[in-house]
Amino acid sequence: MSDFVKITSNDNWFKEHPEKIAGIEIETTSFHFPIQVKGTKDDVLRVTGTGASNEKAKKLRLAKAKAKAILIQLELEKAA
């Protein structure tokens, strides 16, 4: 149990996983939430992996699907 408390206390988790922080850390005066993270939409997209690289892959899959649909349609027209 003490390991869980140690890992989840204050900003220990953030210290161990800095790549998961979507913005910058700000200390607050709150007893229950002493650390606050402020970031932008770009920060969140970077951390969650849904940023520009994922958008490119999504567009590529869509283009391939459209091309395949066109080929199938052409084959159906030839058969008719």
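**Q** What is the right way to read the overall build of the protein from this model?
**A** A tally of helices and strands in the protein yields four helices and two strands. In the protein, the order of α-helices and β-strands from amino to carboxyl end is α-α-β-β-α-α. For 80 residues, the compact-globule estimate of 2.2 N^0.38 gives 12 Å, and the protein exceeds it by more than 25% at 23 Å. Each principal axis of the C-alpha atoms in the protein carries an extent, and together these give about 75 × 30 × 15 Å.

**Q** What am I meant to see in a nonpolar patch on the surface here?
**A** Where nonpolar side chains cluster on the molecular surface, the patch consists of I70, L71 and L74 and spans about 290 Å² of accessible area. Tracing the backbone through its elements, the reader meets I70 in helix α4 (residues 52-79).

**Q** I'm lost on the environment of K15 in this one. Help?
**A** Relative to the helices and strands, K15 resides in helix α2 (residues 12-16). Under the relative-accessibility criterion, K15 is labelled exposed at 60%.

**Q** I tried to follow the confidence of the model for the protein on my own but got confused; where do I start?
**A** Note: predicted coordinates in regions of low pLDDT should not be interpreted at a detailed level. Scored by pLDDT, the protein has a mean of 84; 90% of the residues are at 70 or more. Within the protein, helix α1 (residues 2-8) has the poorest average pLDDT of any element, 76, and α4 the best, 88.

**Q** Even after reading the chapter, I still don't get the environment of G39, so can you show me in this structure?
**A** Residue position: G39 is located in the loop between β2 (35-38) and α3 (41-48). Through-space distance from the C-alpha of G39 to that of A22 is 5.7 Å; in sequence the pair is 17 residues apart.

What counts, and at which threshold
Residues numbered from 1 in each chain as written. Predicted model: local features only at pLDDT ≥ 70, side-chain atom pairs only at ≥ 80, totals over all residues. Heavy atoms only, no water. Helix = DSSP H or I, 4+ residues; strand = E, 2+ residues; numbered from the N terminus. Rg over C-alpha atoms; globule rule 2.2 N^0.38 Å. Patch = residues over 30% accessible without salt bridge, like charges linked within 9 Å, V, L, I, M, F, W, Y side chains within 5 Å. Areas by Shrake-Rupley, 256 points an atom, 1.4 Å probe, with all protein chains shown as cover. Salt bridge = Lys/Arg side-chain N within 4 Å of Asp/Glu carboxyl O. Buried < 20%, exposed > 50% of the residue type's maximum accessible area, 1.4 Å probe, protein only. pLDDT = per-residue confidence, 0-100.

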